[in-house]
Amino acid sequence: MARVFIVLGRFWALLVIVFLLAPIFVTVAVSFSPSAVFDFPVDRLSTRWYERLSRQSSFWEALGTSAWIASVSTLLAVALATPAAIAIATRAIPGARTLAGLLTSPLMMPGLVVGIAFLQAFRAVGLRDAQTCLVIAHVIITLPYIVRTLLASLHLFDFSLIDAARTLGSTWPGAVAKVLLPALFPAVVTGSAFAFLASFDNYSISLFLVDVTARTLPIQVLNYLETGADPTIAAISTILLCFTVLALLLADRIVGVRRLDLG
Amino acid sequence: MTQATSKTRRSFLAQTAAGASLALAAPALAQVRRKELIIGGPAGMTDVLKEDVFPSFERKYGCRVLFDGSSSLENLKKMQAVKDRPQFSVVLMDDPVMIVAQDEKLIEKIDPKNIPNIGAIVQNAIVRDGWWLSYKWPRASIAYNSKNLPGGTPSWAMLWDPKYKGKVMIPSVRATQIPFILAAAAHLETGKPIAEAQYDINAAFKKLATIRSNLLLIYNGSAQVANLIETGEATLGAGMFSSYTLWRKRAGAPVDLGYPQEGSFAMPSGIAKVAKAPEPELADAFISETLGAEYQKVWADKLYDTPTNPSVTLPPEVAAASTLTVIDWGFVAQNRNEWMSRFDREIAI
Amino acid sequence: MAAAGWLALPAAAWATICFLLPLAILFATSFQSGDGAPFGVFARIFGDSYYRDVIANTVVYASVVTFACLAIGYPFALALVRLPGWLQALGMIAILLPLTASAIVKTFGWTILLRTTGLVNKLLMAIGAIDAPIRILFTLPGLYLGTINMLLPFMILPIFAVMRRIDPTLLDAAATLRSGPVDRFLRVTLPLSLPGAFAGFSIVFSLASSAYVIPTLLIGERHKVLSKVIAHNFLVANDPALGAGLAVVLLIFCTSMIALAARFGRARKES
């Protein structure tokens, strides 16, 4: 009986993996196409679009900007969300549920509306620097991912452990640091990965905040498409995929993916 | 607070901190201003402007030109948000958006005295007594797959041909190009000349309602349309224009822009001076230069768009087009909201 | 423990000043620009079958996508925690890689897979489900397939993160009590993993009901959802009052669905 479930489970896992990777597979294949048309199957392999990409400095600048904005906003969002999630989960504040709602609601608004609201508000207070505006906005849109993941993880946490640590002489912050934070770490990693990627792929809010000094990668991809839909965008995506695989392998080397509990 | 482009991470962090304290105090950061001209315009123009226009302009006027490429509507939103202290000096936008910008006084009327080249362009390129100028007219008609359709698109009526069931794409009612489709539809329905048929909206909607079974997609962006045609999944893309389609053709994609017998349309590529523009002299100079023979030739050779300065010798792709129909954009602006609501309820279902 | 209340302060302040305030200002000015009170806008929305259809479309779209993601993602996460090391690593890569590629690029990929001569059609013909290629591109099935594909990782990850933390000794304990695998799942794994399922549910539901880019690229104009009509009113039709009204409807709909799911989750946990 149990064996049947395991076999079925593995079969299902395989199907889902194929489904998840299908568009990625097409993208990688197209990036090596010799043709100017974003099409598949590819009969010969060519690095033509990578060569073209290497000459397009605007892509690399945008990649740098996006990586920078995603990193800063993820760090800020983690710093804000972790204590807030602890306070919400321990019901330490009145209206905990309302606060959870507030912190996760940016996901529920169409990005274009939030983008227009940000644009008006930032300009009204005289804030015009694109990078600053993008970071403030991206912290807002990354908070929900981290808060949601942390709250789910805190649900499983046995808070009597903190009390136990305190009876053993720890202060409250000490007990939190020793007992709670290590238990939360995997959720922080998951939430941060989410947040980073959500910021990295944000299009509808950034649209209104980028300017000549700072342009993020999704906006650059979109702008590039306005000059022609060729496999260059598949090439930049493939490079990003390689970065991700490298990052995962590196994480595995350093801490061991399974111990790190990326999930 | 026009930012210099080079910025250290540290100063950025400081600014983030300022932002975190919400900039409610709006700190007046000291700033160094270079002589910089910032232009907002369509993203598709980025490469051509940066390669063939800005370098010579920068040399001639000893300045630096920066280009913010996004769609007309986003540029409009950005201009509205900084109305009192604009960032752009010059904007390149489509007429429907220019009309809004004029109503909201985001742009200012061109002073012909400051635009020496204004005399070089044809009269109907000077829009609304010179609030803005049509610096070029991209030609819009029907894009098609040149492998599957070697005969091209001899008529707008092809869009309705049952042979192309599920193979036709038309633009969204929110796209600049929709009046072209409406005018062609009204012309086919009534037999009136296109210039006259554009006002017969009931006929247009009646005819357009019958295109629905042929539609693969009502599109929002050129990239998707071009890709579907190039891969053969779609055959006809109505409302596509020269500077996109013929670029793809030059890149080797099996796509071309047809010459329907009823005629092609002029995309309204306008250029205007922003109200309270920083660097107003440079702005005037840039506007004037876009009308001069040098850059007009760039529009024709590199973008395959029709120059509004008739002195330019045309490449064959551009010369082959007979006269382009210029839509009455004022009429469109008056009726647009009604058309949009009608289109959403009658066609896009 | 009440001493921890101040911990929430920075996030609350940031969200209030940087999100709530700008949004409130936008909505306030929007409603002012409309003719009459905000209630006028809501009367206009609910009195018009077009907007009712748009709301219904959004409800159906977001619900189908979310429940499909749950139905696909939950068993997947369950299987994934039990996979041997290298297979689990492959699973993790399959979840995280698609998040790296932009939705725009993935849509181009799906366009290729879904077209008449595409792989999906060939597959369906090979298994005998259809005789001739059918049109999937820019139809509702195509929209659902693409959306589920792009939002699925947001469902799987939170569930997986919680499942990994379920103490295996609990399962062993249940096993020694001679309960079968189904029983063990229902008594231990399911109740303990509900918070993860709820986190995934609320993230996917929020993303689906406010999605703009994905439906625009996967089906175009012929399937109207709230986010598109809202953007249209703010950007094109210059009717921000109506746009703000519709945005409020979307927000209320979304929060109530998530509150409902939370209530369900709590009820299950307590039972």
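Parameters and conventions
- Residues numbered from 1 in each chain as written.
- Chains lettered and ligands numbered in written order.
- Predicted model: local features only at pLDDT ≥ 70, side-chain atom pairs only at ≥ 80, totals over all residues.
- Heavy atoms only, no water.
- Buried < 20%, exposed > 50% of the residue type's maximum accessible area, 1.4 Å probe, protein only.
- Helix = DSSP H or I, 4+ residues; strand = E, 2+ residues; numbered from the N terminus.
- Pairing = 2+ DSSP bridges.
- Contact = heavy atoms within 4.5 Å.
- Buried area = accessible area lost by both parts, 1.4 Å probe.
- Salt bridge = Lys/Arg side-chain N within 4 Å of Asp/Glu carboxyl O.
- Polar contact = N/O pair within 3.5 Å; in protein donor to acceptor, adjacent residues only side chain to side chain.
- Nonpolar A, V, L, I, M, F, W, Y, C, P; charged D, E, K, R; others polar.
- Axes fitted to C-alpha atoms, helices over the stretch in contact; angles between N-to-C directions.
- Parallel < 35°, antiparallel > 145°, perpendicular 65-115°, else oblique.
- Core = buried A, V, L, I, M, F, W, Y, C linked by side-chain atoms within 4.5 Å.
- Domains from an automatic or database assignment.
- Phe/Tyr/Trp six-rings, centres within 6.5 Å; stacked < 30°, edge-to-face > 60°.

**Let's talk about the pairing of strand β9 (residues 215-219) of chain B**
Residues and elements named next belong to chain B.
Item 1. The element β9 is largely enclosed, with a buried count of five among its five residues.
Item 2. Where strand β8 (residues 168-171) and β9 come together, four bridges link them in parallel fashion. From the neighbouring strand, Val 168 faces β9, where its bridge partner is Leu 215.

**Quick notes on the interface of chain B and chain A**
Item 1. The interface is formed by 39 residues belonging to chain B together with 33 residues belonging to chain A.
Item 2. Taking both partners together, chain B and chain A bury about 3,400 Å²; carbon and sulfur atoms supply 62% of that area.
Item 3. Taken together, the connections running from chain B to chain A amount to one salt bridge.
Item 4. As a salt-bridge pair, Asp68(B) and Arg215(A) come within 2.9 Å of each other at their nearest N and O atoms.
Item 5. Linking chain B with chain A are 12 residue pairs in polar contact (both at pLDDT 80 or more).
Item 6. Contributing elements (two or more residues each) for the side of chain B that touches chain A: α1 (9-20), β2 (64-69), α3 (72-81), α8 (222-230) and α9 (242-250) of chain B.
Item 7. It is α1(B) that contributes the most residues to the side of chain B that touches chain A, five residues altogether.
Item 8. The residue makeup of the side of chain B that touches chain A, split by class, is 19 nonpolar, 10 polar and 10 charged.

**Some words on the packing of helix α5 (residues 111-124) of chain A against helix α1 (residues 9-33) of chain C**
Item 1. Two elements in contact, α5(A) and α1(C), have axes separated by 8 Å at closest approach and are oriented at 95 degrees. The orientation of α5(A) relative to α1(C) falls into the category roughly perpendicular. Packed against α5(A), whose contacting residues are Val113(A), Val114(A), Ile116(A), Ala117(A), Phe118(A), Gln120(A) and Ala121(A), the element α1(C) presents Cys18(C), Phe19(C), Pro22(C), Leu23(C), Leu26(C), Phe27(C) and Thr29(C) at the interface.
Item 2. Among the residues making up the contact of α5(A) with α1(C), the classes are represented as 12 nonpolar, two polar and no charged.

**A few points about the nonpolar core**
Item 1. Counting residues in hydrophobic clusters, the biggest one holds 322 residues, and the most contacted among them are Phe343(B) and Phe27(C).
Item 2. Mapped onto the domain boundaries, this core takes at least three residues apiece from domain 1 (34-137 + 268-313) and domain 2 (140-266 + 325-346) of chain B.
Item 3. Other than its neighbours up to four places away in sequence, Phe27(C) contacts Met109(A), Val113(A), Ala244(C), Ala247(C) and Val248(C).

**Things to note about the domain arrangement of chain B**
Residue and element names in this part refer to chain B.
Item 1. When its domains are assigned, chain B resolves into domain 1 (34-137 + 268-313) and domain 2 (140-266 + 325-346).
Item 2. Between the C-alpha centres of domain 1 and domain 2 there is a distance of 27 Å.
Item 3. Across the contact, 15 residues belong to domain 1 and 12 residues belong to domain 2.
Item 4. Both sides together, the interface formed by domain 1 and domain 2 hides about 1,200 Å², and carbon and sulfur atoms give 66% of it.
Item 5. It is Pro 96, Pro 268 and Tyr 304 in domain 1 that bury the most area against domain 2; as a group they hold 41% of the surface buried on that side.
Item 6. For the pair domain 1 and domain 2, the number of links is zero salt bridges.
Item 7. Inspection of the region where domain 1 meets domain 2 yields six residue pairs in polar contact (both at pLDDT 80 or more).
Item 8. Those elements giving two or more residues to the side of domain 1 that touches domain 2 turn out to be α4 (95-103) and α11 (293-303).
Item 9. Each residue belonging to the side of domain 1 that touches domain 2 can be placed in one class, and the counts come to seven nonpolar, two polar and six charged.

**A few points about the interface of chain A and chain C**
Item 1. Across the boundary between the two partners, chain A contributes 81 residues, which contact 95 residues of chain C.
Item 2. In this assembly, chain A packs against chain C so that about 8,200 Å² is buried in total across both faces, 81% of it on carbon and sulfur atoms.
Item 3. Counting the contacts that link chain A with chain C gives one salt bridge.
Item 4. Among the ionic pairs, Arg115(C) bridges to Asp39(A), the shortest N-O distance being 2.8 Å.
Item 5. At the junction of chain A with chain C, the criterion picks out eight residue pairs in polar contact (both at pLDDT 80 or more).
Item 6. Top contributing element to the side of chain A that touches chain C by residue count: helix α1 (residues 2-31) of chain A, with 17 residues.

**Brief notes about the packing of aromatic side chains**
Item 1. One pass over the full model with this rule turns up 28 aromatic pairs over all chains.
Item 2. Ring centres of Phe38(A) and Phe108(C) lie 5.1 Å apart, and the angle between their planes is 50 degrees; on these two criteria the pair is classed as tilted. Pair noted here: Phe38(A) is in the loop between α1 and α2 (48-55) and Phe108(C) is in helix α5 (residues 103-114), and the two residues belong to different chains. Note on accessibility: Phe38(A) and Phe108(C) belong to one class, buried.
Item 3. Centroid distance Phe157(A) to Phe159(A): 5.0 Å. Interplanar angle 85 degrees. Geometry classified as edge-to-face.
Item 4. On the basis of relative accessibility, which here comes to 9%, the residue Phe157(A) falls in the buried class.
Item 5. Members of the aromatic cluster, connected to one another through ring pairs, are Phe54(B), Phe57(B), Tyr61(B), Phe67(B) and Phe286(B).

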